[in-house]
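Each chain, written out:
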Amino acid sequence: MSGKPAGNKGRAGGTREEQEGSLCAQHCLNNLLQGEYFSPVELSSIAHQLDEEERMRMAEGGVTSEDYRTFLQQPSGNMDDSGFFSIQVISNALKVWGLELILFNSPEYQRLRIDPINERSFICNYKEHWFTVRKLGKQWFNLNSLLTGPELISDTYLALFLAQLQQEGYSIFVVKGDLPDCEADQLLQMIRVQQMHRPKLIGEELAQLKEQRVQKTDLERVLEANDGSGMLDEDEEDLQRALALSRQEIDLEDEEADLRRAIQLSMQGTSRNTCQDTPQTSGTHLTSEELRKRREAYFEK
């Protein structure tokens, strides 16, 4: 790991990796850098290098010492079989890009009295979970891999959001240095996105959609059993109304999913043509109607 990863920069176009196993440290780094810059193998290599450096330091006290033998019997503190990586691994990985981590609530940083909105990104950790909060263009996003999509965070809410994380036991690190260029940042310098509904936890959304489909199927089965039986009684009319409401809720879910995809596409900017075709509307706040038209125009291409 003596140099920057090669061959990945072209793919750094607004990625937001979703949770896979326990590899949240990898997702956190790649969401921060906006590309597939680090693999589990590369992070494992850094962890093994740190383990070896720790072993050599312990060996200085004598390889026959009790402390050294105890150290060899302990598992690695930098990684485990589940895919967890330590803050030391993340810090060393970011050094490849000339980036440094500073503890947000450290006395040294707090004395600087820097407003969080004047930073560019944060890395948050609680127990074995890592995620990134980053500014793309002129807006802040929570790029937590456990969510169904990026969560928009307003400038006025950012400080409160970070304070809430600290109350919940999170450690927050400020990322210092110049992040690599990415198309999502360039695209969002020209437009502002508006999020109508916050993303849900991945498992929560799947459970709700499954429950809605089951309810719809049960209602349709009851109605089919009454098909052709003549005048519907009051209970059956209630069922029909409930079915209509169920379909309406699913349609609303589909509209919310479309909006999340539109936001994701605006963040990704994976096609350079999309950037070239986007009107230069720096600082423009898109209404939901304008966002809908942009989304329709995109899918008509």
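Residues numbered from 1 in each chain as written. Predicted model: local features only at pLDDT ≥ 70, side-chain atom pairs only at ≥ 80, totals over all residues. Heavy atoms only, no water.

Overview of the overall build of the protein
Part 1 of the argument: Looking only at helices and strands, the protein has eleven helices and eight strands in total.
Part 2 of the argument: Looking at the protein as a whole, 42% of its 301 residues are labelled buried.
Part 3 of the argument: For the protein, long-range pairs separated by at least 24 residues make up 70% of all intrachain contacts whose partners lie at least 6 apart in sequence. (Helix = DSSP H or I, 4+ residues; strand = E, 2+ residues; numbered from the N terminus. Buried < 20%, exposed > 50% of the residue type's maximum accessible area, 1.4 Å probe, protein only. Contact = heavy atoms within 4.5 Å.)

Considerations on the packing of helix α1 (residues 24-33) against helix α4 (residues 87-95)
Part 1 of the argument: Interhelical geometry of α1 versus α4 gives an angle of 30 degrees and a closest axis separation of 11 Å. Here α1 is positioned roughly parallel relative to α4, judged by the angle of their axes. For the element pair α1 and α4, the recorded crossing hand is right-handed. Residues A25, L29 and L32 of α1 form the contact with α4, whose participating residues are I90, A93 and L94.
Part 2 of the argument: Residue classes in the contact of α1 with α4 are distributed as six nonpolar, no polar and no charged. (Axes fitted to C-alpha atoms, helices over the stretch in contact; angles between N-to-C directions. Parallel < 35°, antiparallel > 145°, perpendicular 65-115°, else oblique. Left-handed = near helix turned anticlockwise from the far one by under 90°. Nonpolar A, V, L, I, M, F, W, Y, C, P; charged D, E, K, R; others polar.)

With respect to the UniProt feature "active site" (unreviewed entry) in the protein
Part 1 of the argument: Here the UniProt feature "active site" (unreviewed entry) sits at C24, H129 and N144. In sequence the annotated residues extend across 121 residues, while in space they remain close, none of their C-alpha pairs exceeding 9.5 Å.
Part 2 of the argument: Structurally, the position occupied by H129 is in strand β3 (residues 129-136).
Part 3 of the argument: Note on H129: relative accessible area 12%, which makes it buried.
Part 4 of the argument: Relative to the assigned elements, N144 resides in the loop between β4 (139-142) and β5 (151-153). (UniProt positions renumbered as here; feature names shortened; annotations may be inferred.)

Overview of the state of the cysteines
Part 1 of the argument: The full count for this structure, using the stated rule, is zero disulfides.
Part 2 of the argument: The structure places no disulfide on C24, whose sulfur is separated from the nearest cysteine sulfur, that of C28, by 7.8 Å.
Part 3 of the argument: The buried category is assigned to C24, whose relative accessible area is 2%.
Part 4 of the argument: When its relative accessible area of 1% is taken as the criterion, C28 is described as buried. (Disulfide = S-S within 2.5 Å.)

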